[in-house]
Amino acid sequence: MAHSAAVTKAVVPVAGLGTRFLPATKVTPKVMLPVVDKPAIQYVVEEAVQAGLRDVVLVTGDGQRSVTEHFGRAHHLEARLAARGNERALAEVRAPAELAAVSCVRQDAPRGLGHAVLCAAGHVGAEPFAVLLGDDLIDPGERLLARMIEARRRYGGSIVALMEVPPDQVSAYGCASFKPTDDPDVVAVTDLVEKPDPSEAPSNWIVIGRYVCDPAIFPVLRATPAGRGGEIQLTDALRALATADRGPGRDGGGVHGVLFRGRRYDTGNKQDFLRTTVEFACARPDLAPDFVPWLREFLSALPDGQDGPDAIGRQLP
Ligand code: G1P
């Protein structure tokens, strides 16, 4: 049966404190940190728009006005750039404001991802909607979100994106068990566990930061007690929908997983943030011709067998 209610809205929780990136995140929200020259959040909103979702609601916390402002007009700056005739810069300033209809709802206390999604309930209403996590960047060529929306149309219910990782990584993620469907890229999710101990993980397939949720998730979230880390977990509410025949969440239409085998860039920790920045710079036609040869030379000048900070041979600030 095809499920006709179209997915038109994207919920993007951005209220995280960004403690791993202090002091940079003291006054600048983590999702505003640039990957090359664009804040991470802009890549995410661009991905939502590419999948046809032009109604984007950011769930923000304290001190995050700049995230919403980034997607609005900057009349003063635009006037100054126009006066200088700097058309290229003017286009860069206007682009985020012209991308989508971006609005914002507040999450008054950091009570977890499930709670953040619940804060958007009034805006979303009774329609299926996507959730995109600002820390995860997905190669746009993968069309992951479009594939998830297609899976929702075919199977109904909620859809998660699943990626296979080495077993020692599962404890940092939501983790799924599942059964095959007749589509090799889509599975029926039978269980979900948030950040399991590797010895108790149902598989080594993790939930990555893209979801399509049935609106049935909202009443389930309201009834979901605090879970891992004392926070209301989206994974726990999806688990209730996936195991509906065994508990709450009936009529939610179950949960399917779209298997993702492409590139995911995590900007949530320093190592991955640095890798993402270098990789994105190497893929930029305007930067790569200078940056890649420099990078090669820089690496070949490092002494063999020395991977510590001494390898660079000088002190940096
Ligand atoms: C969140 C989710 C987790 C998911 C992860 C993907 O965790 O709770 O289930 O696997 O995003 O990045 P967080 O990274 O916010 O701790």
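Residues numbered from 1 in each chain as written. Predicted model: local features only at pLDDT ≥ 70, side-chain atom pairs only at ≥ 80, totals over all residues. Heavy atoms only, no water.

A.B. asks: Can you walk me through the overall build of the protein chain in this structure?
C.D. replies: For the protein chain, the count of helices and strands is 11 helices and 13 strands. Whereas a compact globule of 317 residues would reach a radius of gyration of roughly 20 Å, the protein chain reaches 21 Å, a difference of no more than 12%. The principal-axis extents of the C-alpha atoms in the protein chain amount to approximately 60 × 55 × 35 Å. Every one of the 317 residues in the protein chain was classed for burial, and the buried ones make up 47%. (Helix = DSSP H or I, 4+ residues; strand = E, 2+ residues; numbered from the N terminus. Rg over C-alpha atoms; globule rule 2.2 N^0.38 Å. Buried < 20%, exposed > 50% of the residue type's maximum accessible area, 1.4 Å probe, protein only.)

A.B. asks: What is the right way to look at the layout of surface pockets in this model?
C.D. replies: If a probe the size of a water molecule is rolled over the atoms, the empty space left behind becomes visible. Roughly 1,200 Å³ of volume is contained in the largest pocket. Contributing to the lining of the largest pocket are 39 residues, with G16, K30, L133, D135 and K195 lying nearest its centre. At the level of secondary structure, the elements contributing two or more residues to the lining of the largest pocket comprise helix 5 (113-119), strand 11 (205-213) and strand 13 (264-266). Counting residues per element, the lining of the largest pocket draws most heavily on strand 11, which supplies 4 residues. (1 Å grid on protein atoms, 1.4 Å probe; cavity = no way out; pocket = protein on both sides within 12 Å on 5 of 7 lines; lining within 4 Å. Points joined across faces, edges and corners; volume = space filled by probe spheres on them.)

A.B. asks: Sorry, what's going on with unusual backbone geometry here?
C.D. replies: The bulk of non-glycine residues show a negative phi, and the bulk of peptide bonds are trans. L22 connects to P23 through a cis peptide bond whose omega is 5°. At R143, a position not held by glycine, the phi torsion is positive, near 50°. A positive phi angle, near 45°, is found at K195, a position not held by glycine. The residue K195 is located in the loop between strand 10 (186-194) and strand 11 in this model.

A.B. asks: When you look at the pattern of salt bridges in this model, what are you seeing that I'm missing?
C.D. replies: Close approach of charged atoms allows side chains with opposite charge to pair. In the structure shown here, the tally under the stated rule is 23 salt bridges. Two residues, K9 and E127, come together in a salt bridge whose shortest N-O distance is 3.7 Å. Of this pair, K9 sits in strand 1 (residues 9-13) while E127 sits in the loop between helix 6 (121-124) and strand 6 (129-132), and the two are 118 residues apart along the sequence. Residue K9 is classed as buried on the basis of its relative accessible area, which comes to 11%. (Salt bridge = Lys/Arg side-chain N within 4 Å of Asp/Glu carboxyl O.)

A.B. asks: Looking at this structure, I do not really get the site of the ligand. What am I missing?
C.D. replies: For the ligand, the set of nearby residues contains 13 residues, the closest of which are G174, E194, K195, V207 and T235. Between the ligand and the protein, one listed contact pairs an oxygen atom with a side-chain N or O atom of K195 at 2.6 Å. One of the backbone N or O atoms of V207 is found 2.6 Å from an oxygen atom in the ligand. Within the complex, 75% of the 380 Å² of free accessible area of the ligand lies under protein. Comparing atom positions with the cavity grids shows the ligand to sit within the largest pocket. With 3 residues, strand 11 is the largest single contributor of residues to the shell around the ligand. Its residues assigned to classes, the shell around the ligand comprises 5 nonpolar, 4 polar and 4 charged. (Near = heavy atom within 4 Å. Polar contact = N/O pair within 3.5 Å; in protein donor to acceptor, adjacent residues only side chain to side chain. Areas by Shrake-Rupley, 256 points an atom, 1.4 Å probe, with all protein chains shown as cover. Sits in = over half its atoms within 2 Å of the grid points. Nonpolar A, V, L, I, M, F, W, Y, C, P; charged D, E, K, R; others polar.)

A.B. asks: I keep staring at the packing of aromatic side chains and nothing clicks. Help me out?
C.D. replies: The relative placement of two aromatic rings is captured by the distance of their centres and the angle of their planes. Per the counting criterion, the structure on display carries 7 aromatic pairs. Each ring, one from F129 and one from F218, has its centre 5.1 Å from the other, and the planes form 5°; the classification is stacked. Placement of the pair is F129 in strand 6 and F218 in helix 8 (residues 217-222), with a sequence separation of 89 residues. Each member of the pair F129 and F218 is classed as buried. Aromatic side chains W294 and F298 sit 5.0 Å apart centroid to centroid with 15° between the ring planes, which places their arrangement in the stacked category. Of this pair, W294 and F298 both sit in helix 11 (residues 288-300), 4 residues apart, which is roughly one turn of the helix. On the accessibility criterion, F298 (27% relative accessible area) is partly exposed. Above the face of the Y43 ring, K38 is positioned so that its terminal group lies 4.5 Å from the ring centre. (Phe/Tyr/Trp six-rings, centres within 6.5 Å; stacked < 30°, edge-to-face > 60°. Lys NZ or Arg CZ within 6 Å of the ring centre and 35° of its normal.)

A.B. asks: For this particular structure, what's the right way to read the pairing of strand 4 (residues 55-60)?
C.D. replies: On any regular strand, side chains alternate: one points to one face of the sheet, the next to the other face. Among the 6 residues that make up strand 4, 5 are buried, leaving the element largely enclosed by the rest of the structure. Here strand 1 runs beside strand 4; their pairing, made up of 5 bridges, is parallel. In the sheet register, A10 faces strand 4, and the bridge partner there is V56. Where strand 4 and strand 5 (residues 101-106) come together, 6 bridges link them in parallel fashion. (Pairing = 2+ DSSP bridges.)

A.B. asks: In this structure, what is going on with the packing of helix 10 (residues 270-282) against helix 11? I would like to understand it.
C.D. replies: Axis angle and axis distance: for two packed helices, these are the angle between their axes and the distance between the axes, and together they describe the pair. Contact pair helix 10 / helix 11: the axes reach a minimum separation of 8 Å and the direction vectors enclose 125°. Of the possible angle classes, the one that applies to helix 10 and helix 11 is oblique. Where helix 10 abuts helix 11, its residues V278, A281 and C282 lie against A288, F291, V292 and L295. In terms of residue class, the contact of helix 10 with helix 11 is built from 7 nonpolar, no polar and no charged. (Axes fitted to C-alpha atoms, helices over the stretch in contact; angles between N-to-C directions. Parallel < 35°, antiparallel > 145°, perpendicular 65-115°, else oblique. Contact = heavy atoms within 4.5 Å.)

A.B. asks: When you look at the state of the cysteines in this model, what are you seeing that I'm missing?
C.D. replies: Covalent bonding between the sulfur atoms of two cysteines defines a disulfide. Enumeration over the complete set of coordinates arrives at 0 disulfides. Of all cysteine sulfurs in the structure, the one in C104 sits closest to C119, which takes part in no disulfide; the separation is 11 Å. (Disulfide = S-S within 2.5 Å.)

A.B. asks: Which parts of the structure should I look at to understand the side chain of T60?
C.D. replies: Within the secondary structure, T60 is located in strand 4. With near-sequence residues (within four places) excluded, T60 lies in contact with V14, A15, T68, C104, V105, R106 and Q107.

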